Amino acid sequence: WKIARRVFRITWTPSVIHFPDFFFISDDELLSILGSSDPSSIQVHLLKLFDNVLRVGFTRSSTQVKSMESSEHESFELVNLVNVDGPVEDWMTNVETEMKHSL
């Protein structure tokens, strides 16, 4: 098990370095995020990745992030939609950038 865990960490290290907030979740949670092709799978992990972000809102086609909602159910629309194609660490970085821009 120790060898498998070490291989996992070495394999996924570039993703964690590209999106450092991945350091705040467990290996199992990271594997579920990186191993999924469904962008909405990130929802259950958002509170650990962003301070007080409960969920992100997707467009009807689920190809873009359009809004964010806090655990107090306050929400805001992003100024620019964020495409969710490509590696999750790329588009999550773009979501974080747009969040800062929109606030």
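Above this text you will find the structure in question.
Residues numbered from 1 in each chain as written. Predicted model: local features only at pLDDT ≥ 70, side-chain atom pairs only at ≥ 80, totals over all residues. Heavy atoms only, no water.

Draft legend 1. Broad picture of the overall build of the protein chain. Check the secondary structure of the protein chain and you find 4 helices and 3 strands. In sequence order, the protein chain lays out its α and β elements as α-α-α-β-β-β-α. Looking at the 103 residues of the protein chain, the share that counts as buried comes to 39%. Residue pairs at least 24 apart in sequence account for 29% of intrachain contacts in the protein chain once pairs closer than 6 positions are excluded. (Helix = DSSP H or I, 4+ residues; strand = E, 2+ residues; numbered from the N terminus. Buried < 20%, exposed > 50% of the residue type's maximum accessible area, 1.4 Å probe, protein only. Contact = heavy atoms within 4.5 Å.)

Draft legend 2. Representation of the packing of aromatic side chains. Under the criterion given, the structure shown has 2 aromatic pairs. Measuring from ring centre to ring centre gives 4.9 Å for Phe19 and Phe22, while their planes differ by 70°; the resulting arrangement is edge-to-face. In this structure, Phe19 and Phe22 share a single accessibility class: buried. Connected via pairs of aromatic rings, a cluster forms that spans Phe19, Phe22 and Phe50. (Phe/Tyr/Trp six-rings, centres within 6.5 Å; stacked < 30°, edge-to-face > 60°.)

Draft legend 3. Seen up close, the layout of surface pockets. Here the largest pocket is characterised by a volume of approximately 160 Å³. In terms of lining, the largest pocket is formed by 15 residues, of which the most central are Ile33, Ser36, Gly86, Val88 and Trp91. Taken together, the elements giving at least two residues each to the lining of the largest pocket come down to α2 (27–34) and α4 (88–102). A per-element tally of the lining of the largest pocket places α4 first, with 3 residues. (1 Å grid on protein atoms, 1.4 Å probe; cavity = no way out; pocket = protein on both sides within 12 Å on 5 of 7 lines; lining within 4 Å. Points joined across faces, edges and corners; volume = space filled by probe spheres on them.)

Draft legend 4. Seen up close, the environment of Ser102. Mapping Ser102 onto the fold places it in helix α4. The class for Ser102 is buried, based on a relative accessible area of 19%. With 23 residues separating them in the primary sequence, Ser102 and Val79 have C-alpha atoms 5.3 Å apart. What Ser102 contacts, discounting residues up to four positions off in sequence, is Phe76, Glu77, Leu78 and Val79. At 2.8 Å, the side chain of Ser102 and the backbone nitrogen of Val79 are in polar contact. (Polar contact = N/O pair within 3.5 Å; in protein donor to acceptor, adjacent residues only side chain to side chain.)

Draft legend 5. Looking closely at the environment of Ser32. Within the secondary structure, Ser32 sits in helix α2. Residues Ser32 and His45, 13 residues apart in the sequence, show an inter-C-alpha distance of 9.8 Å. Apart from residues lying up to four places away in sequence, Ser32 is in contact with Ser41 and His45. Polar contacts involving the side chain of Ser32 include one to the side chain of His45, which spans 3.2 Å.

Draft legend 6. Representation of the nonpolar core. Counting 23 residues, the largest nonpolar core has Phe22, Phe50, Val65 and Met92 as the members making the most contacts within it. The element best represented in this core is α4, accounting for 5 residues. (Core = buried A, V, L, I, M, F, W, Y, C linked by side-chain atoms within 4.5 Å.)

Draft legend 7. Fine view of α4. Here α4 is 15 residues long and its end C-alpha atoms lie 20 Å apart, about the 21 Å a rise of 1.5 Å per residue gives. Val88, Glu89, Trp91, Met92, Val95, Glu96, Glu98, Met99 and Ser102 are the residues of α4 that are buried. (Expected span 1.5 Å × (residues − 1).)

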